[in-house]
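Understanding the architecture of this molecule
Listed below are the residues making up each chain.
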Amino acid sequence: MYDHPSPGKPWKIPSRMRVLTCVFQPIVNLADGTVVGYEALGRLQGKEQDGYAPVQAWAAENGVPMVRVRRHLLLLALDRGRLRPPGTQLFVNLDRSLAEEMVAWTARGVLTLDGVVLEVAETEADDAVWSDLVARLRAAGATIALDDYGAGVDDLTRLVHLRPEYVKLAGAVSRHLGSDPYADRIVESLAHQAQFSGFKLIVEQVEDPQVLARLPQLGVRYAQGFCLGRPDRGFAESVTLPRTGSGRPTVMYPHVPMAGALHLGLDDLSLLREAQDLVASAVDEAIEDLPQWVASTPAGATITRFSDFDTHIRQVRSHLRRLLQGHLDATAIEAAAQSASRHIGLDVELGWYVVAHLRLAARIREILTRAGRPDLAGPVSKLAVLDLATFADAYAVQLNRDEITGLLGRRAFFARATEHLRQAAVTAGTWAFVLISIEGLEAFAAARGYRAVDEALRHAGRLFASLVRPDRLVGRVGGSLFAILLPYREVSLMDELVAHLQTVLAAGHPRLRIRWGMSTTERDGRTVDDLFAGADADLTAKRKDRRNATTHP
């Protein structure tokens, strides 16, 4: 019997460990009640609702070292967690000894961590040893969560050190929300910072309906706790979110510059929220004649032949309902990007979409006014303009995608980098602009042809997309030149990224080599042009130093 992964052998449960089990508590998207992940929790059979204490008591009574108990529960969670719904993530707790074992298991190829989020406790996150462990675990497909944030004494340092994809707010903080205005302001600030920094904030131990009602108003999107679902052996895919009855909408704060320009606030969203049944009815009525109108337009013949047109109409209805409920967050931007990509693929011009969008919004306002609620027309108009601006921005970005690599093209990269730096100017952080040059393409083209060059560039684009965090900017800004904009604290990852890129590229294209140069907002200026010039000068200087070339042996 053994309780650790071994190549070619199924995992067996030692007989004395069969008293141990694990349950799964849902992590919920507060925008719509969908479950995005599950935290695996170790329990004693028959005492699943009593927490972790009986497990510790059993281990002490039976002389089983806790390190073996934690290892067993981790493997049990990974094994049973495979039954969770597709697209969801499995959150498991981790200490340093388990992290070191997992690194060894993944290195031997007996364990993969795709879809697994490793929760590192605040007390475990302050050792430099974690930098290497986290890098190796991420390379195996895992993402990282910083657990119990707010319970430690050096939270910000650990946040910077670990660079997690998720931050889980400790229950010691969350239980004061809705009753302590100071706690509310702190969490609202953290939720706003999460959008800037790219991590997702999850509030834990939500056990009070008052706290649950307050979270979306503070900009918090994800939560976990008894109010949303108790730990269970099964995997619920959604939960019913309670109505607050407070007169204020359960919505995300619209942290979007356009929202401020439109003076779109909670009063507007409250009006829409209070009339949700009427609004939903207006959306359904407005969409009824949309297919007929689409078919009558010049672009309609192409669109209505689209095999998923009926699905698209249902998605439009769902999107409008969510928008008019006030769900203004990153998912709206993601949906806009997907919609823009779909329209471009069908050769639908932006002008046609604008006309269709304005017509639909006008129809909704007309129906609401006819129903005796002209006061709803203003909020609908503001949301329509915001939605249209989001789509137009996504459409412009998609048009400026590099057709070979799929990354941002030069114009789109520079435009988005300019906006990124403008928003980041409110923080004191330093940003880095990195230029990466793939050199040797001319000789490679002479030997293999330009189709092979395109394939090498396409391969590089896929590698950048997989290795660089999705919330960081990366683009192809020249023939063989790529650019990345990222916080300076993440520059330490560049050596690893470039080395990996070189290794993979050189495996099929041994003549290619990579060099990179960098500039920073602290040294070279805060405009994109200044940063590009600084990185270009650094790259040029390094070309003269052959030691800077990252080459394949």
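Above this text you will find the structure in question.
Below you will find a few notes about this structure. (Residues numbered from 1 in each chain as written. Predicted model: local features only at pLDDT ≥ 70, side-chain atom pairs only at ≥ 80, totals over all residues. Heavy atoms only, no water.)

Let's talk about the layout of surface pockets
Counted as a void, the second largest pocket has a volume near 830 Å³. Surrounding the second largest pocket, 35 residues form its lining, Glu-39, Ala-40, Leu-41, Asn-93 and Asp-147 being those nearest its centre. Mapped onto the lining of the second largest pocket, the elements with two or more residues apiece are strand E1 (20-29), strand E2 (35-44), helix H2 (66-80), strand E3 (89-94), strand E4 (116-121) and strand E5 (143-149). (1 Å grid on protein atoms, 1.4 Å probe; cavity = no way out; pocket = protein on both sides within 12 Å on 5 of 7 lines; lining within 4 Å. Points joined across faces, edges and corners; volume = space filled by probe spheres on them. Helix = DSSP H or I, 4+ residues; strand = E, 2+ residues; numbered from the N terminus.)

As for the pattern of salt bridges
Considering all chains together, one arrives at 22 salt bridges under this definition. Close ionic contact of Arg-70 with Asp-95 constitutes a salt bridge, the shortest N to O distance being 2.7 Å. Of this pair, Arg-70 sits in helix H2 while Asp-95 sits in the loop between E3 and helix H3 (96-107), and the two are 25 residues apart along the sequence. One salt-bridge network, in which partners are shared between bridges, spans Glu-39, Glu-119, Lys-168 and Glu-204. (Salt bridge = Lys/Arg side-chain N within 4 Å of Asp/Glu carboxyl O.)

Regarding the nonpolar core
Formed by 57 residues in total, the largest nonpolar core has its most connected members in Met-102, Leu-113, Leu-118 and Leu-215. Beyond its immediate sequence surroundings of up to four residues, Leu-215 is in contact with Leu-30, Leu-177, Val-203, Val-206, Val-220 and Ala-223. Ala-336, Trp-352, Ile-364 and Leu-388 belong to the second-largest nonpolar core, a separate cluster that totals 34 residues. (Core = buried A, V, L, I, M, F, W, Y, C linked by side-chain atoms within 4.5 Å. Buried < 20%, exposed > 50% of the residue type's maximum accessible area, 1.4 Å probe, protein only. Contact = heavy atoms within 4.5 Å.)

What to know about unusual backbone geometry
If a residue is not glycine, its phi is most likely negative; likewise, a peptide bond is most likely trans. With phi around 55°, Asp-148 is a residue other than glycine that occupies positive phi space. By the element assignment, Asp-148 lies in strand E5. Classification of Asp-148 by relative accessible area gives partly exposed; the value is 28%. For Gln-205, which is not a glycine, the phi torsion comes out positive at approximately 55°. In this structure, Gln-205 sits in the loop between strand E7 (200-203) and helix H8 (209-214).

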